[in-house]
Amino acid sequence: MEGKLFIKHAHELVTCAGSFPKIGKEMNDIEIIHDGALIVENDTIIAVGTTAELLQTHNVQDMPVIDATGKCVLPGFIDAHTHFVFAGDRSEEFSWRLNGMRYIDIMERGGGIMNTVRSTRKADKNELLQLGLTRLNNMLAMGVTTIEGKSGYGLDLETEIKQLEVMKELQQAHAVEIVPTFMGAHAIPPEYKGRSSEFIDYLIDEVLPVVAKSKLAAFCDVFCEQGVFSVVESRKLLLAAQKLGLGSKLHADEIVQLGGAELAAEIGAVSAEHLLHISDQGIERMAATKTVGVLLPATAFSLREPFAPARKMIDAGIPIALATDFNPGSCYTSSIPLVIALAALSMHMTPAEIITALTMNAAAAVGAADRIGSLEVGKQADIIILEEPSHLFLPYRVGMNLVSTVIKKGKVAW
Ligand code: NIG
Ligand code: FE
């Protein structure tokens with residue numbers, strides 16, 4: 001039976017089915033089927049139920065089978081916030097940070113993001129492709145089947161396009177699906193020092209139209225932060241991008257409380273990310289508009305900053321997603337197990353909330369929850385199998401990668 005796959009006898013089949021994004025108590029509704037099974041045809045899930053049910057209703061003879069006895073089956077993880085296309089490293093800056101220097105101080109001295117911009121501008125496409133492939137392999141091995149990837153290490157037309165084109169080529173070459181985001185407003189390049197609003201105009205006039213015309217990005221993101229881009233500048237850029245069909249995302253309230261969360265709600269952004277210093281008003285507004293809050297605990301950990309108030313946000317009704325923020329500066333890790341551990345132990349999220357945050361709500365954060373994020377009939381067959389019987393092992397086995405098999409679009413990819 002060409003193109004079919006039968007997965008049977010999962011100790012737990014966690015479907016994450018339901019409406020999206022999930023808010024409040026719904027984040028705990030992950031739907032667990034004991035002795036679960038599913039059938040895939042080509043890249044799509046065509047049946048989900050108990051093993052007994054599917055054996056009764058479907059002729060599975062001659063179908064390739066995966067026996068998941070003693071294992072837990074889940075939707076593939078979605079890493080909804082990464083900056084994975086870059087050259088060079090900042091290990092030295094990290095050692096300075098270990099000695100107490102602050103991320104923002106390094107940035108103000110011309111290090112930080114600009115350091116990576118210099119190496120990424122110099123790198124040729126092939127080098128970026130090779131680096132990207134290695135990084136995608138690491139992600140896939142941890143059960144990640146879709147990522148969001150941001151540009152923003154070019155800050156000029158040529159390099160921003162180069163980064164986005166690399167993502168497009170990686171999409172052809174690798175199983176991990178990539179949702180590209182244009183983040184030309186990631187820092188103020190030296191050419192525009194002290195002229196941030198002119199730089200925003202440059203992005204709007206010269207870069208955005210090219211990005212939109214060549215359909216290289218689905219979203220536009222901006223580092224809305226003190227000393228980087230103001231709320232006024234961020235609003236202007238994101239609204240211009242919306243006019244060209246790009247959804248909005250924001251790096252909001254990461255280092256100081258600037259009102260990024262409020263702006264996200266005001267302009268109908270799909271998500272606001274980081275939110276370490278979100279205000280009570282920001283929480284209220286995001287809850288009202290169901291803007292997804294993408295939380296990045298590995299960044300807070302790496303920066304020795306307080307974690308985002310996840311409990312408060314979930315209880316207030318903000319749909320929460322979790323992601324790695326993989327980047328060479330504030331958080332050089334793509335470790336999903338680390339994110340899970342921090343979410344459970346430091347942010348007090350339940351195992352079920354964490355799974356929702358890495359599947360359905362992460363899918364909503366990349367605008368794809370109608371297609372991915374749960375194991376339901378009609379959805380894309382992005383599936384992971386854990387070497388343990390229950391989802392409860394994910395936070396319990398701190399920092400361990402428990403993923404033994406990854407299926408992307410119906411094919412075993414790892
Ligand atoms: O999400 N805050 C801005 N951007 C990244 C860091 C990028 C970098 O340091 O290279 C972040 O933390
Ligand atoms: Fe980021």
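Let me sum up the structure you'll find in this document. In this text, all values refer to a predicted model and were calculated from it rather than measured experimentally. (Residues numbered from 1 in each chain as written. Chains lettered and ligands numbered in written order. Predicted model: local features only at pLDDT ≥ 70, side-chain atom pairs only at ≥ 80, totals over all residues. Heavy atoms only, no water.)

1. Looking at the overall build of the chain
No. 1: In terms of regular secondary structure, the chain is built from 16 helices and 16 strands.
No. 2: The C-alpha atoms of the chain give a radius of gyration of 21 Å, which matches the 22 Å a tight globule of 414 residues would have.
No. 3: Once the C-alpha set of the chain is aligned to its principal axes, its extents read approximately 70 × 45 × 45 Å.
No. 4: Taken across its 414 residues, the chain has 60% of its residues classed as buried.
No. 5: A separation threshold of at least 6 residues defines the contact pool for the chain, and within that pool the share at least 24 residues apart is 72%.
No. 6: When the accessible surface of the chain is totalled, it reaches about 15600 Å², and 52% of it is carbon and sulfur.
No. 7: With 36 positive and 50 negative side-chain charges, the chain shows a separation of 3 Å between the mean positions of the two kinds. (Helix = DSSP H or I, 4+ residues; strand = E, 2+ residues; numbered from the N terminus. Rg over C-alpha atoms; globule rule 2.2 N^0.38 Å. Buried < 20%, exposed > 50% of the residue type's maximum accessible area, 1.4 Å probe, protein only. Contact = heavy atoms within 4.5 Å. Areas by Shrake-Rupley, 256 points an atom, 1.4 Å probe, with all protein chains shown as cover. Lys, Arg positive; Asp, Glu negative; His and termini not counted. Charge placed at Lys NZ, Arg CZ, Asp CG, Glu CD.)

2. With respect to the site of ligand 1
No. 1: With respect to spatial proximity, 15 residues lie near ligand 1, and among them R90, Y103, Y153, H274 and S330 are the closest.
No. 2: Within the side chain of E254, one N or O atom sits 2.8 Å away from a nitrogen atom of ligand 1.
No. 3: Alone, ligand 1 offers 320 Å² of accessible surface; in the complex the protein occludes 100% of this.
No. 4: The class makeup of the residues in the shell around ligand 1 is four nonpolar, eight polar and three charged. (Near = heavy atom within 4 Å. Polar contact = N/O pair within 3.5 Å; in protein donor to acceptor, adjacent residues only side chain to side chain. Nonpolar A, V, L, I, M, F, W, Y, C, P; charged D, E, K, R; others polar.)

3. Side note on helix 5 (residues 125-141)
No. 1: An ideal rise of 1.5 Å per residue puts 24 Å on 17 residues; helix 5 measures up with 24 Å between its terminal C-alpha atoms.
No. 2: The set of residues buried in helix 5 consists of L128, L129, G132, R135, L136, M139, L140 and A141.
No. 3: The secondary structure elements touched by the buried residues of helix 5 are strand 6 (77-82), helix 4 (113-122), strand 7 (144-150), helix 6 (157-173), strand 8 (177-185) and strand 15 (403-408).
No. 4: With its phi angle positive at about 90 degrees, G143 sits one or two positions after the end of helix 5. (Expected span 1.5 Å × (residues − 1).)

4. Brief notes about the side chain of T359
No. 1: Structurally, T359 can be placed in the loop between helix 14 (351-358) and helix 15 (360-365).
No. 2: Looking at T359, the relative accessible area reads 0%, which means it is buried.
No. 3: Of note is the side chain of T359, whose polar atom sits 2.7 Å from the backbone oxygen of I355.

5. Focus: the coordination of the iron ion (ligand 2)
No. 1: Note on the iron ion (ligand 2): its protein donors are H81 (NE2), H83 (NE2), H251 (NE2) and D325 (OD). The metal-donor distances range over 2.1 to 2.3 Å.
No. 2: In primary-sequence terms, the residues that donate to the iron ion (ligand 2) follow H-x1-H-x167-H-x73-D. Within this pair, whereas H83 is found in the loop between strand 6 and helix 2 (91-98), its partner D325 is found in the loop between strand 13 (320-322) and helix 13 (336-345), the two being separated by 242 residues in sequence.
No. 3: The class of H83 is buried, set by a relative accessible area of 2%.
No. 4: Exposure remark for D325: the relative accessible area of 1% places this residue in the buried category. (Donors = N, O, S within 2.8 Å, 3.2 Å for Na, K, Ca; no water.)

6. Focus on the pairing of strand 11 (residues 271-274)
Side chains on a regular strand alternate between the two faces of the sheet.
No. 1: The sheet contact formed by strand 10 (residues 247-252) and strand 11 spans four bridges and is parallel. The residue of strand 11 that forms the bridge with L250 is A272.
No. 2: Regarding topology, helix 9 (residues 260-266) serves as the crossover connection from strand 10 to the parallel strand 11, and that connection is right-handed.
No. 3: Where strand 11 meets strand 12 (residues 292-295), three bridges bridge the pair, whose relative direction is parallel. (Pairing = 2+ DSSP bridges. Right-handed = clockwise from strand over helix to strand, strands pointing away.)

7. Some details on the side chain of H251
No. 1: Along the chain, H251 turns up in strand 10.
No. 2: H251 gets classed as buried once you look at its relative accessible area, which sits at 3%.
No. 3: At 3.1 Å, the side chain of H251 forms a polar contact with the side chain of H81.
No. 4: For H251, the residues in contact, after removing those within four places along its chain, are H81, H83, K150, M183, D221, V222, F223, C224, E273 and H274.

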